[in-house]
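In case you want the letters, here they are:
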Amino acid sequence: MIAKAKVIISKTENVKVPTGVRLLVRRCCIAVLEEEDFPGNAEISVTFTNDDHIRQLNREHRHIDASTDVLSFPLGENGNYDVNPDTGMKMLGDIVISVEHAVAQAEEYGHSLQREIGFLTVHSMLHLLGYDHVNGGLEEVRMREKEEKVLCELGLKRNDTYYMETK
């Protein structure tokens, strides 16, 4: 169980963060840490931005000239993290979420913006803890299972739109 988690939330200029999202993001971060039995105290930075800014970050850091929904910048590797000397907390890294992308994807997938931002936060937290899905396979399946488990525990389960009742 987590003794303490500090989630630092900020936003770039001209980005509106919907009501309740800050609390949701904190809950998602803590839920992932608890699910993973993370040892000790953790510090995470989450920034809300727009498509132009996330595109710039994606171009600078991943050499991909396109906007995206979320970027993860882990500070640790193999369970080793720097410790903030002021707080004694392990610094996991930074999460950057495009609110524009999240709104569009929520509409595209037919679920709430809260579900989408929750998913992006949980997804990115797992990246900060070392999970990856880029190469597919078993690691991607494990990551997806963990995402859905945490989201269901938070009451953000997937919509049942893929199921059609027939008479």
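One can find the structure itself at the top, above this paragraph.
The sections below set out a description of the structure shown in this document. (Residues numbered from 1 in each chain as written. Predicted model: local features only at pLDDT ≥ 70, side-chain atom pairs only at ≥ 80, totals over all residues. Heavy atoms only, no water.)

## A short note on the nonpolar core
If you look at the biggest cluster of nonpolar residues, it comprises 39 residues, and the most contacted ones within it are Val25, Ile44, Val46, Phe48, Leu92 and Met125. Elements that contribute at least two residues to this core include exactly strand 1 (5-11), helix 1 (21-35), strand 2 (42-49), strand 4 (90-98), helix 3 (99-109), helix 4 (113-128) and helix 5 (137-153). When sequence neighbours within four positions are dropped, the list of residues in contact with Val46 reads Val7, Ile8, Ile9, Ser10, Val25, Cys29, Ile95 and Ile97. (Core = buried A, V, L, I, M, F, W, Y, C linked by side-chain atoms within 4.5 Å. Buried < 20%, exposed > 50% of the residue type's maximum accessible area, 1.4 Å probe, protein only. Helix = DSSP H or I, 4+ residues; strand = E, 2+ residues; numbered from the N terminus. Contact = heavy atoms within 4.5 Å.)

## Some remarks on the pairing of strand 2
Within strand 2, 8 of the 8 residues are buried, which leaves it mostly tucked inside the rest of the structure. Every second residue of strand 2 is oriented toward a common face, with Ala42, Ile44, Val46 and Phe48 on one face and Glu43, Ser45, Thr47 and Thr49 on the other, all of them buried. Once the chain exits strand 1 it traverses helix 1 before rejoining the sheet at strand 2, and the crossover so formed is left-handed. One ladder, built from 8 bridges, connects strand 2 with strand 4; its direction is parallel. What sits directly across from Val46, in strand 4, is Ile95. (Right-handed = clockwise from strand over helix to strand, strands pointing away. Pairing = 2+ DSSP bridges.)

## A short note on the packing of aromatic side chains
By the definition in use, this model includes 1 aromatic pair. The residue whose ring lies beneath Lys90 is Phe38, and the NZ or CZ to ring-centre distance is 5.3 Å. (Phe/Tyr/Trp six-rings, centres within 6.5 Å; stacked < 30°, edge-to-face > 60°. Lys NZ or Arg CZ within 6 Å of the ring centre and 35° of its normal.)

## Digging into the packing of helix 4 against helix 5
For the pair helix 4 and helix 5, the least separation of the axes is 10 Å and the interaxial angle reads 130°. Between helix 4 and helix 5, the angle is such that the two are oblique. Regarding helix 4 and helix 5, the two cross each other, and that crossing is right-handed. For the pair formed by helix 4 and helix 5, the contact residues are Arg115, Gly118, Phe119, Val122, His123, Leu126 and His127 on the first element and Met143, Arg144, Lys146, Glu147, Glu148, Val150 and Leu151 on the second. Along the lines of polarity and charge, the residues of the contact of helix 4 with helix 5 split into 6 nonpolar, 3 polar and 5 charged. (Axes fitted to C-alpha atoms, helices over the stretch in contact; angles between N-to-C directions. Parallel < 35°, antiparallel > 145°, perpendicular 65-115°, else oblique. Left-handed = near helix turned anticlockwise from the far one by under 90°. Nonpolar A, V, L, I, M, F, W, Y, C, P; charged D, E, K, R; others polar.)

## Side note on the environment of Arg22
Relative to the elements of secondary structure, Arg22 occurs in helix 1. Its relative accessible area of 35% is what places Arg22 among the partly exposed residues. The spatial distance from the C-alpha of Arg22 to the C-alpha of Leu92 is 18 Å, given a sequence separation of 70 residues. Aside from chain neighbours lying at most four places away, what touches Arg22 is Ile9, Lys11 and Val17.

## So, the state of the cysteines
One pass over the full model with this rule turns up 0 disulfides. Just so you know, Cys28 is unpaired, no disulfide at all, and the nearest cysteine sulfur is the one on Cys29, 7.0 Å from it. Cys28 supplies the cysteine sulfur nearest to Cys152, a cysteine that is in no disulfide, at a spacing of 12 Å. (Disulfide = S-S within 2.5 Å.)

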